[in-house]
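Take a look at the letters that make up each chain.
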Amino acid sequence: MQRHGSGVVRAVPLLPALALLAIFLAGPIIWALYSSFTNVALTGRFALDPRFVGLANYKRLLSDPVFPKSVWLTVLFVGLSAVVGQNLLGIALAAMMRNVDKVTRAIVGTIVVAAWILPEIVAAFCLYAFFSDGGTLQSVFGRIGIHLPNMLYDHPMTSVILANVWRGTAFSMMVYAAALADVPPELTEAAEVDGASWWQRTWNVVLPTINRSIATNLMLTTLQTLSVFTLIWVMTAGGPGTNSSTLPILAYQVAFKSAKVGYGTAIATVMLLIGAIFSIVYIRMLRTGEAKQ
């Protein structure tokens, strides 16, 4: 009884934080989930008198030809720009900056971090100007006789993927720089004495040592990229057509441009489930790494 009572007393200071989480985190999620089962709209009679429609919105998703395309574009965007691009470039920059002088480290670090600390809307407009027809990219290559197509029109997903890699790599670089700094030098030195090559030292010593940082960074960059909206909206608005319409873009277009809030929140709920699946996978990776240690 005393232990139970002491546990309750210790939990009392956490109640305000739990209340805030319930109001500002759990509350919106529950409300969005409920709205996805209704036909609530921004205009018309269903704006004033929404009705419960059960799984109708989700059945409609299965028959909507735009939805599977949007899911594929979202997976492509997250996979190439976050899982591959930001993580590989981030760890490469972190490893490179360990072996350069302070001046080079400061210059490279400033350039990379500047892209990350810019307000997202400012970065989006800069990237729009860079990739647009007649923009910086075409001008630079045009001077050396190479004529590039309109990237935002002909290759919209390539443009937004490269843009997101440029913007988000700084976070991965800082995470991996801190992780690599904690790798005991005697481990790599011992492997080098045993005749291990650079690749063998990296694969068998360094990466297993920082596997928890890798899994954590993968989870953070994946979830952050999954919800990217402003960057894509400013650069392509989901176009041309629906060729760069990821799930956040599609949910916005359906909920606010077409005024179908219930259907839009159903799309957002699917996006939430995809994020939950990624999170479960990465958490299992973390637990597996801890068990091996």
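None of the values given here were measured: they were computed from a predicted structure. (Residues numbered from 1 in each chain as written. Predicted model: local features only at pLDDT ≥ 70, side-chain atom pairs only at ≥ 80, totals over all residues. Heavy atoms only, no water.)

1. Regarding the UniProt feature "transmembrane region" (unreviewed entry) in the protein
(1) Moving on: Those places that UniProt annotates as "transmembrane region" (unreviewed entry) correspond, in this numbering, to residues 12-34, 71-95, 107-131, 218-241 and 261-283.
(2) Moving on: Secondary structure across residues 12-34 divides into 87% helix and 0% strand, with the first and last C-alpha atoms of the span separated by 31 Å.
(3) Moving on: Summarising residues 107-131: 92% helix, 0% strand, and an end-to-end C-alpha distance of 24 Å. (UniProt positions renumbered as here; feature names shortened; annotations may be inferred. Helix = DSSP H or I, 4+ residues; strand = E, 2+ residues; numbered from the N terminus.)

2. Some thoughts on the packing of aromatic side chains
(1) Moving on: Within the structure shown, the criterion is met by 11 aromatic pairs.
(2) Moving on: Pairing Phe 37 with Tyr 58 gives two aromatic rings, centres 5.4 Å apart and planes at 50°, and the pair type is tilted. Of the two residues, Phe 37 is situated in the loop between α2 (15-35) and α3 (45-48) and Tyr 58 in helix α4 (residues 56-63); the sequence distance between them amounts to 21 residues.
(3) Moving on: We classify Phe 37 as partly exposed; its relative accessible area is 21%.
(4) Moving on: An angle of 20° between the planes, with centres 6.3 Å apart, marks the rings of Phe 278 and Tyr 282 as stacked. (Phe/Tyr/Trp six-rings, centres within 6.5 Å; stacked < 30°, edge-to-face > 60°. Buried < 20%, exposed > 50% of the residue type's maximum accessible area, 1.4 Å probe, protein only.)

3. Some points on the side chain of Ser 70
(1) Moving on: Summarising the element assignment, Ser 70 is placed in helix α5 (residues 66-97).
(2) Moving on: A polar side-chain atom of Ser 70 sits 2.8 Å from the main-chain carbonyl oxygen of Ser 245.
(3) Moving on: Here Ser 70 is in contact with Ser 245, Thr 246, Leu 247 and Leu 250, once residues within four sequence places are set aside. (Polar contact = N/O pair within 3.5 Å; in protein donor to acceptor, adjacent residues only side chain to side chain. Contact = heavy atoms within 4.5 Å.)

4. Let's talk about the packing of helix α6 (residues 102-117) against helix α10 (residues 156-181)
(1) Moving on: One can describe the packing of α6 onto α10 by two numbers: an axis separation of 7 Å at closest approach and a directional angle of 120°. For the element pair α6 / α10, the angle class is oblique. Classified by chirality, the crossing of α10 by α6 is left-handed. In contact with Gly 109, Val 112, Val 113, Ala 115 and Trp 116 of α6, α10 contributes Trp 166, Arg 167, Thr 169, Ala 170, Phe 171, Met 173 and Met 174.
(2) Moving on: By residue class, the composition of the contact of α6 with α10 is 9 nonpolar, 2 polar and 1 charged. (Axes fitted to C-alpha atoms, helices over the stretch in contact; angles between N-to-C directions. Parallel < 35°, antiparallel > 145°, perpendicular 65-115°, else oblique. Left-handed = near helix turned anticlockwise from the far one by under 90°. Nonpolar A, V, L, I, M, F, W, Y, C, P; charged D, E, K, R; others polar.)

5. Section: the nonpolar core
The nonpolar side chains of a soluble globular protein tend to be buried with one another.
(1) Moving on: Residues Phe 77, Phe 131, Leu 231 and Met 235 are the most contacted members of the largest nonpolar core, which totals 18 residues.
(2) Moving on: Setting aside its immediate chain neighbours within four residues, Met 235 contacts Ala 124, Leu 127, Tyr 128, Phe 131, Leu 152, Ser 159, Val 160 and Ala 163. (Core = buried A, V, L, I, M, F, W, Y, C linked by side-chain atoms within 4.5 Å.)

6. Considerations on the UniProt feature "domain: ABC transmembrane type-1" (unreviewed entry) in the protein
(1) Moving on: Under the present numbering, the feature "domain: ABC transmembrane type-1" (unreviewed entry) in UniProt falls on residues 72-282.
(2) Moving on: For residues 72-282, the helix share is 79%, the strand share is 0%, and the end-to-end C-alpha distance is 20 Å.

7. Quick look at α5
Turn by turn, an α-helix covers 3.6 residues, leaving residues three or four places apart pointing in a common direction.
(1) Moving on: Between the first and last C-alpha of α5 there are 43 Å, a value that for 32 residues agrees with the 46 Å anticipated at 1.5 Å per step.
(2) Moving on: Helix geometry: α5 is bent most strongly at Gly 85, by close to 35°. (Expected span 1.5 Å × (residues − 1). Bend = angle between axes of the 7 residues up to and from the residue.)

8. So, the environment of Val 100
(1) Moving on: Looking at the element boundaries, Val 100 is found in the loop between α5 and α6.
(2) Moving on: Residue class for Val 100 comes out partly exposed when judged on its relative accessible area of 24%.
(3) Moving on: Measuring from C-alpha to C-alpha, the distance between Val 100 and Arg 284 comes to 36 Å, with 184 residues separating the pair along the chain.

9. Things to note about the packing of α5 against helix α13 (residues 211-226)
(1) Moving on: Across the interface, α5 lies against α13 with an axial gap of 9 Å and an inter-helix angle of 140°. Judged on the interaxial angle alone, α13 and α5 are oblique. Crossing of α5 against α13: the hand is right-handed. In this structure, α5 uses Thr 74, Phe 77, Val 78, Ser 81, Ala 82, Val 83, Gln 86 and Asn 87 to contact α13, whose residues at the interface are Asn 217, Leu 218, Thr 221, Thr 222, Thr 225 and Leu 226.
(2) Moving on: Here the contact of α5 with α13 is composed, by residue class, of 6 nonpolar, 8 polar and no charged.

10. Some remarks on α6
(1) Moving on: Spanning 16 residues, α6 covers 21 Å between terminal C-alpha atoms, matching the ideal 22 Å at 1.5 Å per step.
(2) Moving on: Three or more residues of α6 are buried, namely Gly 109, Val 112 and Ala 115. Looking straight down α6, one finds its buried side chains confined to an arc of 125°; they lie on one side. Pointing more than 90 degrees away from the buried face of α6 are the exposed residues Lys 102, Val 103, Thr 110, Ile 111 and Ile 117.
(3) Moving on: The secondary structure elements touched by the buried residues of α6 are α5 and α10.
(4) Moving on: Backbone nitrogen of Val 103 and a side-chain oxygen of the N-cap are separated by 3.1 Å at the start of α6; the cap is Asp 101. (Arc of directions from axis to C-beta.)

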